[in-house]
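# Remarks on the overall topology
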Amino acid sequence: MHPRETVERALRLSAQGLLDRQVAELCGVSLSAVQKWRTGTRRVHEEQDRRHFHSCPRCHGRTLDHSAYAYLLGLYLGDGHIVLCRKGVYQLSLACCDDWPGLMEAAAEAMATVMPTSSVSRRQLRGCVEIKSYSKHWTCLFPQHGPGRKHERKIALAEWQREITEEHPGLFVQGLIHSDGYRGTNRVRRRFNGSDHWYEYPRYLFKNESKDILELCGQALDMLGVEWRYAQPNTISVARREAVARLDEFVGPKH
């Protein structure tokens, strides 16, 4: 009999979308053992198998991981969407650029942590990978879902969501930047003494067509002490050296 920790780790990895063969190699167990744990043929005790806790943090009071949720909320508001599928099941979907494999792993891990009763899958698209998960309760966790595009409707956080973003503003901003933001080098030309001089400096940009989401980003940046401004009506810019260095502490290497 394998240790409980090994079984739980295998189930977590399976929930993140890894193949049974990959899970078996990482956990040092046989392929058949992973398949039996995943399908329930060899049942672990229900109190040890989170896949059988068919519960929602909002509907049934299951504990919600606030740090993972703050990051996932940023990803969703930045560039995620929810679709109603068959039998009242919702699909939460995030598109992650092929150039940032670390972002794919972070997004899948956040989904699996926030909704451990649902598996996470991946689908290769042109230039990106779609990270998705199915649950009847995704709209409970993201009440901002509604008909039409986000910038065409009011986006406001529920009180419990606001409390989480105030508790973890760095992770919330990290999710926003990772999904719909950019850190790059800005080049500026200045004419001096009859010749052109070029200056380069790093900066962050967060672009979103929703005024409400831009305001949420700005409020979180204020909580972090990061100076920002509107570069355009739909774009937030963080360009001062101290502000960029401060934001680097939270955005991390995934982007």
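### Section: the overall build of the chain
- Helix and strand counts for the chain come out as ten helices and eight strands.
- Viewed in the frame of its principal axes, the chain has a C-alpha envelope of about 80 × 40 × 35 Å.
- Out of the 255 residues in the chain, the part that is buried amounts to 47%.
- Contacts spanning at least 24 positions in sequence make up 59% of the contacts within the chain whose residues lie at least 6 apart.

### Considerations on the packing of helix α8 (residues 169-180) against helix α10 (residues 241-251)
- Direction vectors running N to C along α8 and α10 enclose 90°, while the axes themselves pass 8 Å from each other. Between α8 and α10, the interaxial angle falls into the category roughly perpendicular. Across the interface between the two elements, G170, V173, Q174, I177 and H178 from α8 touch L247, F250 and V251 from α10.
- For the contact of α8 with α10, a count of residues per class yields five nonpolar, three polar and no charged.

### Quick notes on the state of the cysteines
- Inspection of the entire model under this criterion finds zero disulfides.
- No disulfide involves C96; its sulfur sits 8.1 Å from that of C128, the nearest cysteine.
- When its relative accessible area of 16% is taken as the criterion, C128 is described as buried.

### Points about the environment of V238
- Of note, V238 is situated in strand β8 (residues 235-238).
- Take V238: its relative accessible area is 2%, and that puts it in the buried class.
- Along the chain, V238 and L221 lie 17 residues apart, while their C-alpha atoms are 9.5 Å from each other.
- Setting aside chain neighbours within four positions, we find V238 in contact with R203, Y204, L221, V226, E227, W228, A243, V244 and L247.

### Some words on the confidence of the model for the chain
- When pLDDT is averaged along the chain, the result is 87; 91% of the residues meet or exceed 70.
- Confidence drops under a pLDDT of 50 for residues 44-53, and excluding neighbours within four residues, the segment shows 19 contacts in the predicted structure.

### Brief notes about the nonpolar core
- In terms of nonpolar packing, the biggest core is built from 56 residues, with Y69, L72, L77, W138 and F142 touching the most fellow members.
- One finds A10, L13, L18 and W37 within the second-largest nonpolar core, a separate group that totals twelve residues.

### A short note on the pattern of salt bridges
- What the rule picks out here adds up to seven salt bridges.
- With a closest N to O distance of 3.1 Å, E227 and R240 form a salt bridge. Of this pair, E227 sits in the loop between α9 (211-224) and β7 (229-232) while R240 is found in the loop between β8 and α10, placing the two residues 13 residues apart along the sequence.
- The class of R240 is exposed, set by a relative accessible area of 52%.
- Between R246 and E249 there is a salt bridge, with its nearest N and O atoms 3.0 Å apart. Of this pair, R246 and E249 both sit in helix α10, three residues apart, which is roughly one turn of the helix.

### Some points on the sheet that holds strand β2 (residues 90-97)
- One open sheet holds the four strands; their spatial order is β1-β2-β4-β3, and the pairing between them is antiparallel. Two strands bound the open sheet, and with one partner strand each, they are β1 (80-84) and β3 (120-125). Strand-to-strand, the axes of this sheet are offset by a mean angle of 25°, without reference to chain direction.
- Bridge analysis of β3 against strand β4 (residues 128-135) gives six bridges, and the strand direction is antiparallel. When the sheet's bridge partners are listed, R123 is paired in β4 with E130.
- Together, β1 and β2 form the strand contacts of helix α4 (residues 66-79), whose direction differs from that of β1 by roughly 85°.

Calculation criteria
Residues numbered from 1 in each chain as written. Predicted model: local features only at pLDDT ≥ 70, side-chain atom pairs only at ≥ 80, totals over all residues. Heavy atoms only, no water. Helix = DSSP H or I, 4+ residues; strand = E, 2+ residues; numbered from the N terminus. Buried < 20%, exposed > 50% of the residue type's maximum accessible area, 1.4 Å probe, protein only. Contact = heavy atoms within 4.5 Å. Axes fitted to C-alpha atoms, helices over the stretch in contact; angles between N-to-C directions. Parallel < 35°, antiparallel > 145°, perpendicular 65-115°, else oblique. Nonpolar A, V, L, I, M, F, W, Y, C, P; charged D, E, K, R; others polar. Disulfide = S-S within 2.5 Å. pLDDT = per-residue confidence, 0-100. Core = buried A, V, L, I, M, F, W, Y, C linked by side-chain atoms within 4.5 Å. Salt bridge = Lys/Arg side-chain N within 4 Å of Asp/Glu carboxyl O. Pairing = 2+ DSSP bridges.

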